[in-house]
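Next come the chains, spelled out residue by residue.
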Amino acid sequence: MELRARGWWLLCAAAALAACARGDPASKSRSCSEVRQIYGAKGFSLSDVPQAEISGEHLRICPQGYTCCTSHMEENLANRSRAELETALLDSGRALQATLTTQLQNFDDHFQHLLNESERALQDTFPGAFGELYTQSARAFRDLYSELRLYYRGANLHLEETLAEFWARLLERLFRQLHPQLLLPDDYLDCLGKQAEALRPFGEAPRELRLRATRAFVAARAFVQGLGVASDVVRKVAQVPLGPECSRAVMKLVYCAHCLGVPGARPCPDYCRNVLKGCLANQADLDAEWRNLLDSMVLITDKFWGPSGAESVIGSVHLWLAEAINALQDNRDMLTAKVIQGCGNPKVNPQSSGPEQKQRRGKLVLQERPPTGSLEKLVSEAKAQLRDAQDFWISLPGMLCSEKMAMSTASDDRCWNGMAKGRYLPEVMGDGLANQINNPEVEVDITKPDMTVRQQIMQLKVMTNRLRSAYNGNDVDFQDASDDSSGSGSGDSCPDDLCGRRVSKKSSSPRTTLTHALPGLSEREGQKTSASGCPRPCVSLMLLLSLVLSAARPTWR
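Cut-offs used in this document
Residues numbered from 1 in each chain as written. Predicted model: local features only at pLDDT ≥ 70, side-chain atom pairs only at ≥ 80, totals over all residues. Heavy atoms only, no water. Helix = DSSP H or I, 4+ residues; strand = E, 2+ residues; numbered from the N terminus. Buried < 20%, exposed > 50% of the residue type's maximum accessible area, 1.4 Å probe, protein only. Contact = heavy atoms within 4.5 Å. Areas by Shrake-Rupley, 256 points an atom, 1.4 Å probe, with all protein chains shown as cover. Expected span 1.5 Å × (residues − 1). Arc of directions from axis to C-beta. Phe/Tyr/Trp six-rings, centres within 6.5 Å; stacked < 30°, edge-to-face > 60°. Lys NZ or Arg CZ within 6 Å of the ring centre and 35° of its normal. Disulfide = S-S within 2.5 Å. Axes fitted to C-alpha atoms, helices over the stretch in contact; angles between N-to-C directions. Left-handed = near helix turned anticlockwise from the far one by under 90°. Nonpolar A, V, L, I, M, F, W, Y, C, P; charged D, E, K, R; others polar. Salt bridge = Lys/Arg side-chain N within 4 Å of Asp/Glu carboxyl O.

A. Representation of the overall build of the protein. When you go through the protein residue by residue, the secondary structure sums to 22 helices and zero strands. Residues classed as buried in the protein amount to 50% of the 557 residues present. Contacts in the protein between residues at least 24 apart in sequence constitute 82% of all its contacts with a sequence separation of at least 6. When the accessible area of the protein is evaluated, it comes to approximately 26,500 Å², of which 51% is carbon and sulfur surface.

Here's what the structure looks like:
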C-alpha cells in the first residue's frame, strides 16, 4: 500500500514538471492567446493560430511537445526571426558607420579648410607684393593647389613629382618674365633646368616644402582614407545574410518558448551567446585586423603635429611659395649671370619693346598662423571613439543578446534554454569561426568561411599597410619609385646624358588614376582625373614609366 502511494506521488511529480515546462492546463488558452497576439503583431494571419494547444509532431525546429504553433506558423516565425536579427545587425552597423562617417567629414572639412585658407592667403597677398610676377603665372599656382587637393582626395599622383613639375614650370615662366627682351627657346630652357640643381634659384623653399608636404599630406590622406575603409567594411559586413542553420537556431531562441506555451521565459544568457556566436562566427574573424587598423589610425594622428605635421604644413603652403619667389628675386642677377655662363648668351627678342625693365621687386614676409585647437579636439574625440569601437565585432553577440533578444538577466531555472524553462548547462564558445566546431546550438561548417567577410579582412590589411607606411612618411603606391630619391637642392640631379628634353607643361586637368578615392569624390571629378580608365594591373607599368620620365625633369630637392 505504501509503495503504491509512493509511486503515485512520483507520477504526480513528473506530471507537475511536464506541466511546468509547457504551462499548466489552466494556462493553455492564455498561452495560445499570447501567441495569437504576438503572431498578429508580426503581420501574419490569425487564422493560422489554433485556439488551444495541439500535438507538436509536425514541428521541425521547436521541441515536439504540446504547442500553440502550426507548421506554417513555425516557418513564418523562423523567417521573421532571421529578418529581425539581420535588421538588428544593420542597425548596429549603421550606428558605427554614422560615427565613422561623422569623423571622416569633420577631418576632411578641416584639412580642406586648411588648404583653402592657404590658397586664399596667396590670392590676397601675392598680387600686391609680386605684381606681374604672380599674375602672369597665377595659373601655375592654381594648378598646384588643384593637384594637392586631388592627391589628398585619392588621385594616383606622385606628390614629389607633382611638386618638381610645379617648380620647373614656375622657373620657366618667371625667368621669361624677368627677361622679356631675350629669346628663350626650349633647348635653352632645357639647359636652365639642368643648371637648377646647382643654382638653387628658389633657395631652400622647394626642398623644405617637399620634405614637409609629403609627410603631412600622406598622413592626412591615409588617416581619412582609413576612416572611409572602416566605414565601408562595416557597411558591407552588416549586409552579409545569415545562413539557414542560424535561422533555425534564432527561431528556437526567440519564438519556440511562445510556441510551447511558456511565453514569459526569456533566453538564458549563455544560450543566447552561443546562438549568436555561431551565427556571427565569420564576422568575429574580423577582430584581429580591425584592431590593427584602428590602432594604426590612432598612431598616425601623432603625425598631425610638429613642423612637418598636417596642421602646420597644409595651411602654410603659401609661405614656402612666397619664400621661393623672394629668393628668386634676391638671386636674380647672380642667377642670370650663371645661366648665361653655363648655357650661353641667348638671342635678343626683336619684338621686345626695348631695353630690359626691372620687374616689380616686392618682398613678401608672412607669418604662420597659430593653430586654432580645432584639430586637437577632433583627434581627441576620434581616439576615444576608435578605442571604443575596437571590440565591435566580438562584442556583437553579447550586445545583441542584451539589447535585441530580451535576454534574461540571470542564468537560473526560470530562463529559456531552448527546450524548456531551466538552467543552460553547455559552456560558451569562443569567438570566431574555428571556435564553433563544437557549438551546441548552431551547426557551423568551419571549412567554408564567408567570402565577403574574407574580402573585407583583406581590405583591412591593405589599409593598415598604407597607414603604417604613411606613419614612416611613405606613400605605399609610390614607395618603390621614391626609395632611390636622395640629395637636396632645387634642381635636377640626374646625369646630363639621361636628362633629355624637359617634360612638356602639364595641363590644368592632370590625367591621373584614382586609386583610393575618398568618399565624396564626385563621379565627374573621377572621370576628369581618370587615365583612360586604366585598370589596376597597369599601375606597375605606370610606375615604371614614371621612373623613366622622372629622368627628364628636375627633381627640385
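B. Broad picture of helix α17 (residues 374-388). Its 15 residues place the ends of α17 22 Å apart at the C-alpha level, agreeing with the 21 Å of an ideal helix rising 1.5 Å per residue. Taken residue by residue, α17 has L375, L378, V379, A382 and L386 as its buried positions. An end-on view of α17 places all buried positions within 95° of arc, on one side of the element. Among the exposed residues of α17, those pointing more than 90 degrees away from its buried face are E376, K377 and D388. Packed against the buried residues of α17 are α3 (71-130), α8 (205-238), α13 (287-300) and α14 (310-313).

C. Inspection of the packing of aromatic side chains at higher detail. Summed over the entire model, instances satisfying the criterion amount to 16 aromatic pairs. Arranged with centres 6.1 Å apart and planes meeting at 75°, the rings of F111 and Y152 form a pair that is edge-to-face. Placement of F111 in helix α3 and of Y152 in helix α5 (residues 138-152) is noted, with a sequence separation of 41 residues between them. When its relative accessible area of 2% is taken as the criterion, F111 is described as buried. Taking the centre distance of 5.5 Å and the plane angle of 75° together, the rings of F111 and F304 count as edge-to-face. Of this pair, F111 sits in helix α3 while F304 sits in the loop between α13 and α14, and the two are 193 residues apart along the sequence. Against the face of Y151 rests R221, its NZ or CZ located 3.9 Å from the ring centre. Over the aromatic face of Y471 sits the side chain of K303, whose NZ or CZ is 4.4 Å from the ring centroid.

D. Up close: the state of the cysteines. Enumeration according to the criterion identifies six disulfides in this entry. Two residues share a disulfide in this structure: C246 and C279, whose sulfurs sit 2.0 Å from each other. Sign of the S-S torsion, about 110° for the bond between C246 and C279, identifies this disulfide as right-handed. Of this pair, C246 sits in helix α9 (residues 244-254) while C279 is found in helix α11 (residues 269-279), placing the two residues 33 residues apart along the sequence. Judged on exposure class, the residue C246 and its partner C279 are both buried. One disulfide bridge connects C268 with C415, the sulfur atoms lying 1.9 Å from each other. Since a negative S-S torsion denotes a left-handed disulfide, the C268-C415 link at about 90° is right-handed.

E. Spotlight on α13. For α13, built from 14 residues, the straight-helix expectation of 20 Å at 1.5 Å per residue is met to within 8% by its first-to-last C-alpha distance of 20 Å. Along α13, the positions that sit buried rather than exposed are D287, E289, W290, L293, L294, S296, M297, V298 and I300. The inward-facing, buried residues of α13 contact α3, α8, α12 (281-284), α17, α18 (392-403) and α19 (451-471).

F. Broad picture of the environment of A288. Tracing the backbone through its elements, the reader meets A288 in helix α13. As a C-alpha pair, A288 and K461 span 173 residues in sequence and 9.8 Å in three-dimensional space.

G. Looking closely at the packing of helix α6 (residues 159-178) against helix α7 (residues 186-199). In the contact formed by α6 and α7, the axes pass within 11 Å of each other and the chain directions differ by 115°. As for the relative orientation of α6 and α7, their crossing is right-handed in sense. Here α6 contributes L171, E172, F175 and R176 to the contact with α7, which in turn contributes L189, L192 and A196. Of the residues in the contact of α6 with α7, the class split is five nonpolar, no polar and two charged.

H. Seen up close, the pattern of salt bridges. In the structure shown here, the tally under the stated rule is 17 salt bridges. When the shortest N-O distance is used, the salt bridge between R200 and E204 registers 3.2 Å. For E204, a relative accessible area of 36% corresponds to the partly exposed category. The shortest N-O distance in the salt bridge between E208 and R212 comes to 3.3 Å. Residue E208 and its partner R212 are both found in helix α8; the two are separated by four residues, about one turn of the helix. With a relative accessible area of 24%, R212 lands in the partly exposed category. Taken together, the salt bridges that share partners define one network made up of R207, E208 and R212.

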